[in-house]
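A look at the structure
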Amino acid sequence: MLVVSLGRINVSSVCAKTRKCFSSKSHLHTFTPASVSHQKFPEDPMICTNELPQISSEAPAHWKMVLQGIRQMRSSADEHQPVSREKAADTVPPKERRFAVLTSSLLSSQTKEHVTRGATQRLGENDLLTADAMDKADEETIKKLIYPVGFYKRKASNLKKIANICLLKYDGDIPSSIEELLLLPGVGPKIAHLVMIVGWNNVQGICVDTHVHRICNRLGWVSRPGSKQPCRC
């Protein structure tokens, strides 16, 4: 059984001259370091509603040393974590694993990690983490299994639609491009980029959750425009 657990995330795609910030909706804001917009994104509580982080072409001071310290702390903590059943993902056929990744990603929106984990696990226990099984399943059954994820009724409906699309257009697999993933019901830029990374091992964006944002503020790696004050969210 494959269980994929994903928390609430934001995605930023970064290139040398242009940076893109994605909300959970279809909104896309593009800006450059030389011209930072103060546009607001009230639709997504994970994105600053007051201002965007200050963009600088200079790397934060001593960032390599700080990053190495963080890695050492994480390494020590990981040694004491029990082996997860998610390790069994290596034994799952690639097509099934990718559909499970897409399913779990969809469930994770506006939902706490442990709730997403539980819902995905229940779907797995009932053999519903494949496009064929999801397509044949009763929508009421899916609702009961994924409850209490956020917007579980809408997500159950979307999962049925996605499964049918995957069967008809992709032979039970999932789309392999951002553009095609965005055509699926309930899939926005954040989910699409996450699925590309985890499902296809194709990094076209960097997934950042609220804790990364909070820690980057503490480290002084982001700040409010025109000041050294933390970026408020």
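Everything quoted here is computed from the prediction, not taken from an experiment.

Describing the overall build of the protein chain
Of regular secondary structure, the protein chain possesses nine helices and four strands. In sequence order, the secondary structure elements of the protein chain are arranged as β-β-β-α-α-α-α-α-α-α-α-β-α. Relative to its full complement of 233 residues, the protein chain shows a buried share of 40%.

A few points about the nonpolar core
In terms of nonpolar packing, the biggest core is built from 33 residues, with Phe99, Leu123, Ile146, Ile162 and Val187 touching the most fellow members. Counting residues per element, this core draws most heavily on helix H2 (residues 94–108), which supplies six residues. If we ignore the near neighbours within four places in the chain, the residues touching phenylalanine 99 are Leu128, Leu129, Thr130, Ala131, Met134, Ile162, Ala163, Cys166 and Ile174.

Overview of the pattern of salt bridges
Side-chain pairs of opposite charge can arise where the charged atoms are in close proximity. Summed over the entire model, instances satisfying the criterion amount to five salt bridges. The salt bridge partner of arginine 117 is glutamate 113, with a shortest N-O separation of 3.9 Å. Note that arginine 117 and glutamate 113 are positioned in helix H3 (residues 113–125) at a spacing of four residues, about one turn of the helix. For glutamate 140, the salt bridge identified is with lysine 143, shortest N-O distance 3.1 Å. Of the two residues, glutamate 140 and lysine 143 both sit in helix H5 (residues 139–146), three residues apart, roughly one turn of that helix.

Examining the packing of H2 against H3
Where H2 meets H3, the closest approach of the two axes is 9 Å, and the angle between their N-to-C directions is 140 degrees. For the element pair H2 and H3, the recorded crossing hand is right-handed. On H3, the residues that touch Thr103, Ser104, Leu107 and Ser108 of H2 are Thr116, Ala119, Thr120 and Leu123.

A look at the packing of aromatic side chains
Counted by the stated rule, this structure contains one aromatic pair. Measuring from ring centre to ring centre gives 4.9 Å for tyrosine 147 and tyrosine 152, while their planes differ by 80 degrees; the resulting arrangement is edge-to-face. On the accessibility criterion, tyrosine 152 (24% relative accessible area) is partly exposed. Just above the ring of tryptophan 200 sits the side chain of arginine 98; from NZ or CZ to the centre is 4.0 Å.

Focus: the environment of leucine 123
Here leucine 123 is to be found in helix H3. Remark: the alpha-carbon pair of leucine 123 and alanine 100, spanning 23 residues in sequence, is separated by 9.4 Å. Those residues in contact with leucine 123 that sit more than four places away from it in its chain are Thr103, Leu107, Leu128, Leu129, Met134, Leu145 and Ile146.

Overview of the confidence of the model for the protein chain
Taken as a whole, the protein chain shows an average pLDDT of 76; of its residues, 69% reach a score of 70 or greater. Predicted confidence is poor over residues 3–53, with pLDDT under 50, and the contacts of this stretch with residues over four places away or in other chains come to 137 contacts. Contacts from residues 80–87, a stretch scored under 50 in pLDDT, to residues over four places away or in other chains number six contacts.

Side note on the environment of arginine 154
In this fold, arginine 154 is placed in helix H6 (residues 152–170). For the pair arginine 154 and glycine 186, spaced 32 residues apart in the sequence, the C-alpha separation amounts to 8.4 Å.

Section: H6
In this model H6 runs 25 Å from its N-terminal to its C-terminal C-alpha over 19 residues, within 8% of the 27 Å that 1.5 Å per residue would give. Next to the buried residues of H6 lie H2, helix H4 (131–136), H5 and helix H7 (178–181). Among the residues trailing H6, aspartate 171 stands out with phi positive, at a value near 55 degrees.

About the thresholds
Residues numbered from 1 in each chain as written. Predicted model: local features only at pLDDT ≥ 70, side-chain atom pairs only at ≥ 80, totals over all residues. Heavy atoms only, no water. Helix = DSSP H or I, 4+ residues; strand = E, 2+ residues; numbered from the N terminus. Buried < 20%, exposed > 50% of the residue type's maximum accessible area, 1.4 Å probe, protein only. Core = buried A, V, L, I, M, F, W, Y, C linked by side-chain atoms within 4.5 Å. Contact = heavy atoms within 4.5 Å. Salt bridge = Lys/Arg side-chain N within 4 Å of Asp/Glu carboxyl O. Axes fitted to C-alpha atoms, helices over the stretch in contact; angles between N-to-C directions. Left-handed = near helix turned anticlockwise from the far one by under 90°. Phe/Tyr/Trp six-rings, centres within 6.5 Å; stacked < 30°, edge-to-face > 60°. Lys NZ or Arg CZ within 6 Å of the ring centre and 35° of its normal. pLDDT = per-residue confidence, 0-100. Expected span 1.5 Å × (residues − 1).

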